[in-house]
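Observations on the three-dimensional arrangement
Spelled out from the first residue to the last, the chains are:
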Amino acid sequence: MKITMIGTGYVGLVTGACLAEMGNDVLCFDVDANKIRILEEGGIPIYEPGLDQIVARNVQAGRLKFTTDVDVAVGHGTVQFIAVGTPPDEDGSADLKYVLAAARNIGQRMNSYKVVVDKSTVPVGTADKVRAAIAEELQKRNVQVGFAVVSNPEFLKEGAAVEDFMKPDRIVIGADDEQAVFMMRAIYAPFQRNSERLIVMDVRSAELTKYAANAMLATRISFMNELALLAEKLDADIELVRRGIGSDPRIGNHFLYAGCGYGGSCFPKDVKALIHTAGQNGQGLRVLQAVEEANEAQKEVITNKVVQRFGQDLAGRHFALWGLAFKPNTDDMRDAPSRVLIHDLLSRGATISAYDPVAITEAKRVFGNQAGLSYAANPMAALEGADALLIVTEWKEFRSPDFDRIRATLKQPLVFDGRNLYEPQLVAASGLEYLPIGRPSPALPA
């Protein structure tokens with residue numbers, strides 16, 4: 001099947017590459033000439049494990065191509081996926097200007113039946129706006145051509161997006177056109193050979209499903225984070241509580257890990273957008289408002305612990321920071337807790353040496369030449385002369401460090417762990433004072 005992917009960002013490039021992997025003829029379009037140049041030269045503009053091999057393999061096979069020519073893009077695919085950004089406006093709503101611009105481009109150029117697929121995360125009612133934009137452009141041209149608009153939200157986790165796409169737990173299709181549903185079933189048939197995972201529903205329900213899924217996961221995270229703060233007050237251990245409630249099959253273990261807050265391109269933006277949509281329709285979402293407030297407060301937890309230990313004035317203090325990305329296996333720093341922590345510490349006069357396996361380049365773009373912030377070549381180098389180690393991202397390479405070496409390298413044997421990576425007794429046995437989130441801090445051996 002000939003498929004056009006409009007947008008070569010995180011969702012578009014992963015989706016396009018994986019569809020090409022199954023034999024489809026995919027053309028990826030983007031207005032960003034630099035992105036297309038990087039892709040045509042064999043590079044990948046985003047970090048996602050395994051994506052580079054799939055892209056290279058399908059480019060070589062001729063199934064995956066790239067262009068900045070909108071005429072060629074619209075002419076190529078019977079199925080046109082819209083996978084452009086929907087950045088949040090100041091009021092928290094999703095900005096649809098790129099989605100609707102893509103729709104108008106299709107309407108201005110299409111000469112045969114098209115299935116237009118909203119792959120971007122968009123508010124309920126967006127498909128109606130896309131349909132209206134295309135119809136308006138066709139009317140301007142005085143052309144009558146059939147088309148269908150489909151909602152096909154993505155459920156990809158950054159850092160595991162390729163695996164998620166190739167082995168989906170569900171494929172949601174929102175459509176009211178039988179031919180469009182038939183074509184979408186054909187596209188996704190290779191991804192569900194073992195069992196039926198495709199769920200067909202009306203368009204608006206499909207649009208709401210995406211927001212509801214992310215809002216539920218964000219709620220679980222904020223619930224556990226607030227419970228962790230209570231556990232500290234009660235001298236309880238949130239990790240043991242997690243195991244206790246996670247063993248209940250009605251609850252399960254996923255997204256119950258306490259930490260220093262969620263970030264990234266999805267949860268913060270989607271929670272805000274869903275709250276805004278509810279407000280527009282006269283329905284408050286008090287639970288989600290609390291989720292958002294709790295998350296913003298949780299990003300200050302490490303700062304609060306540092307200030308409690310060292311005081312408000314951190315001038316002359318130097319800290320080692322492990323982790324910049326909002327989660328492992330990505331270089332994405334959008335709404336990352338590290339950004340809040342770095343700002344808080346620098347504004348109080350501290351200096352920071354940061355390390356991340358893949359996000360340092362992105363951090364340099366985000367922070368520029370920020371005074372007081374430097375970057376280390378490896379985790380241990382970041383510790384040199386530091387008053388404490390602060391852990392913000394749960395990268396695998398941080399999980400089994402040499403605690404004796406950490407103690408010997410730090411100026412003070414002190415670890416603030418925002419991701420609860422270690423067993424407190426093990427760390428304390430190495431002579432390190434350990435301050436996790438929601439877990440008791442054991443006394444150091446005499």
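Residues numbered from 1 in each chain as written. Predicted model: local features only at pLDDT ≥ 70, side-chain atom pairs only at ≥ 80, totals over all residues. Heavy atoms only, no water.

A few words on the packing of helix H9 (residues 203-234) against helix H10 (residues 238-246). Contact geometry for H9 and H10: axes closest at 9 Å, N-to-C directions at 130 degrees. In terms of axis orientation, H9 runs oblique to H10. Between H9 and H10 lies a crossing of right-handed hand. Of H10, the residues touching H9 (which contributes Met224, Leu227, Ala228 and Ala231) are Ile238, Val241, Arg242 and Ile245. The residue makeup of the contact of H9 with H10, split by class, is seven nonpolar, no polar and one charged. (Axes fitted to C-alpha atoms, helices over the stretch in contact; angles between N-to-C directions. Helix = DSSP H or I, 4+ residues; strand = E, 2+ residues; numbered from the N terminus. Parallel < 35°, antiparallel > 145°, perpendicular 65-115°, else oblique. Left-handed = near helix turned anticlockwise from the far one by under 90°. Contact = heavy atoms within 4.5 Å. Nonpolar A, V, L, I, M, F, W, Y, C, P; charged D, E, K, R; others polar.)

This next bit is on the side chain of Thr67. On the secondary structure map, Thr67 appears in strand E3 (residues 64-67). You can call Thr67 buried: its relative accessible area is 12%. Side-chain polar atoms of Thr67 contact the backbone nitrogen of Asp69, separated by 2.9 Å. The contact partners of Thr67, leaving out residues within four places of it in the chain, are Leu27, Cys28, Phe29, Asp30, Ile36 and Ala73. (Buried < 20%, exposed > 50% of the residue type's maximum accessible area, 1.4 Å probe, protein only. Polar contact = N/O pair within 3.5 Å; in protein donor to acceptor, adjacent residues only side chain to side chain.)

Across all of its chains, the model carries 28 salt bridges by this definition. One salt bridge in this structure joins Asp237 and Arg439, with 2.8 Å as the shortest N-O distance. Pair noted here: Asp237 is in the loop between H9 and H10 and Arg439 is in the segment after strand E14 (433-435), with a separation of 202 residues, a long-range link. Arg439 shares its class with Asp237; the two are buried. (Salt bridge = Lys/Arg side-chain N within 4 Å of Asp/Glu carboxyl O.)

Let us look at the sheet that holds strand E10 (residues 351-355). If you walk across this open sheet you meet the six strands as E11-E10-E9-E12-E13-E14, and the pairing is parallel. Every other strand in the sheet has two partners, leaving strand E11 (373-375) and E14 as the edge strands with one partner each. Taking each pair of neighbouring strands and ignoring which way they run, the sheet shows an average axis angle of 20 degrees. Pairing between strand E9 (residues 318-322) and strand E12 (residues 388-391): four bridges, direction parallel. (Pairing = 2+ DSSP bridges.)

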